[in-house]
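Here is what each chain is made of, one letter per residue.
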Amino acid sequence: MKNNQNLIALLGLFLLGLISCAAPAEAPKESLDMGKLKTEIQAMEDAFAAGEKAKDAAAVVAYYADDAVSHSRNEEPTVGKAAIQTRMQGRLDKDTSGNYNVYQVVDLFAEGNMALEIGSWTEHNADSTVKDKGHYMSYFEKRNGKYVCVRDMSVSTMPEKKEEMKKEN
C-alpha cells in the first residue's frame, strides 16, 4: 500500500511538472477596428497635406516619430524628425507655386502596434489641375497610444518630361 501511495505521489509530481512546463496561454490579441484605424491614418494624411499647404513644417512633421526615416523622391533618405522638418521647411520656403497635395489611403495592413499604409498622392496646380501623381508607403508604430510614421517612401507615376531630363544632363 505504501508503494502505491509513493507511486501515486510520484505520478502526481510528474504530472504537475508537465503542466508547469506547458507553454503559457497566449493573452488574447486586441482586435483592431480597421475602419477606425483607416479613418485615423487618413486624418493624419489630411493634416500632413494641410501643414504643407499652410507652409507649416512643424505641422507636417507631427506625422513622424523622432527616429523616423523618410525616403523622398530624388533625394537621399532623411533621418530623424528634426532633419525631416528642416528638409520640409526648406522645400516649403522655396515653393511659390501655389500647388497642393492630396493624400489618400488605398490599402492598410495592421497587427498589434504596427500598421502599413499604401497610399496615392496627387499634386494639383493652383487651378486644381493635376501636375504630378504617384504612390507612397508609410510604416507606423503605435507609441504612447498614438500612431506615428517611422518610415515612408514615395514615387511618382508620371513619366519624366524629356526637357527636364535634358536639363539634368
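Here, residues in each chain are numbered from 1, in the same order as that chain's written sequence. Only residues with pLDDT of at least 70 get local features here, since the model is predicted, and only at 80 or more are side-chain atom pairs given and counted; chain-wide, interface and lining totals rely on the full set of residues. The side-chain values count all of the structure's non-hydrogen atoms but skip hydrogen atoms and water molecules.

**Some points on the nonpolar core**
Our working definition: For the purposes of this section, nonpolar cores are sets of buried Ala, Val, Leu, Ile, Met, Phe, Trp, Tyr and Cys residues that join through side-chain atoms within 4.5 Å. Exposure is judged per residue with a 1.4 Å probe applied to protein chains only, and the accessible area is read against the type maximum: over 50% gives exposed, under 20% gives buried, and values in between give partly exposed. Put simply, DSSP H or I for four residues or longer makes a helix, DSSP E for two residues or longer makes a strand, and each gets a number counted from the N terminus. Only heavy atoms matter for contacts: two residues are in contact if any of them lie within 4.5 Å across the pair.
Among the nonpolar cores identified, the biggest contains 23 residues, and I41, F48, Y63, Y64, F140 and Y147 are the most heavily contacted of them. Broken down by secondary-structure element, the contributors of at least two residues to this core are α2 (34-53), α3 (57-60), β1 (64-71), α4 (81-94), β3 (100-111), β4 (114-124), β5 (130-143) and β6 (146-156). In terms of residues, this core owes the most to one element, α2, which gives five residues. Setting aside chain neighbours within four positions, we find F48 in contact with V60, Y63, Y64, M88 and Y103.

**Thoughts on the pairing of β5**
Selection rule: DSSP calls a pair of strands paired once it identifies at least 2 bridges connecting them.
For β4 and β5, the ladder comprises 11 bridges, and the chain directions are antiparallel. Residue pairing in the sheet places E117 in a bridge with S138 of β5. Where β4 folds back onto β5 in an antiparallel hairpin, the turn is made up of five residues, including S128, whose phi is positive at roughly 75 degrees. Pairing geometry for β5 and β6, over 10 bridges, is antiparallel. In the strand pairing of β6, F140 is matched with C149. Counting the residues between successive antiparallel strands, the hairpin from β5 to β6 contains two residues, one of them, N144, with a positive phi of roughly 55 degrees.

**What to know about the confidence of the model for the chain**
Going by this rule: On a range of 0 to 100, pLDDT expresses the predictor's confidence in each residue.
Looking at the chain as a whole, the pLDDT averages 85, with 77% of positions reaching at least 70. Overall, residues 9-18 carries pLDDT values under 50, and its contacts beyond four positions in sequence, including any with other chains, amount to zero contacts.

**Topic: the pairing of β1**
Two faces belong to every sheet, and in a regular strand the side chains alternate between them. Where β1 meets β6, four bridges bridge the pair, whose relative direction is parallel. Along β6, the bridge assignment pairs S70 with D152. Pairing analysis gives two bridges linking β1 to strand β2 (residues 78-79), with the strands arranged antiparallel. Within the sheet, the bridge partner assigned to V69 lies in β2 and is V79. Counted along the chain from β1 to the antiparallel partner β2, the turn is six residues long, and its residue N74 has a positive phi close to 60 degrees.

**Overview of the sheet that holds β6**
With mixed pairing, the six strands of this open sheet are ordered in space as β2-β1-β6-β5-β4-β3. Single-partner strands in this sheet number two, and they are β2 and β3. Pairing of β3 with β4, which is carried by 11 bridges, proceeds in the antiparallel orientation. Within β4, the position partnered with L108 by the bridge is E117.

**Section: α4**
Rule in force here: The span you would expect from a helix comes to 1.5 Å times its residue count less one. The arc in question is the one spanned by the directions pointing from the helix axis to the C-beta atoms.
Over its 14 residues, α4 runs 20 Å from end to end, which matches the ideal 20 Å to within 8%, given 1.5 Å per residue. Looking only at α4, the buried set comprises I84, R87, M88 and L92. Down the axis of α4, the smallest arc covering the buried residues is 135 degrees, so these residues share one side. Along α4, the residues that are exposed and aim more than 90 degrees away from the buried face are A82, T86, D93 and K94. Buried residues in α4 make contact with α2, α3, β1 and β2.

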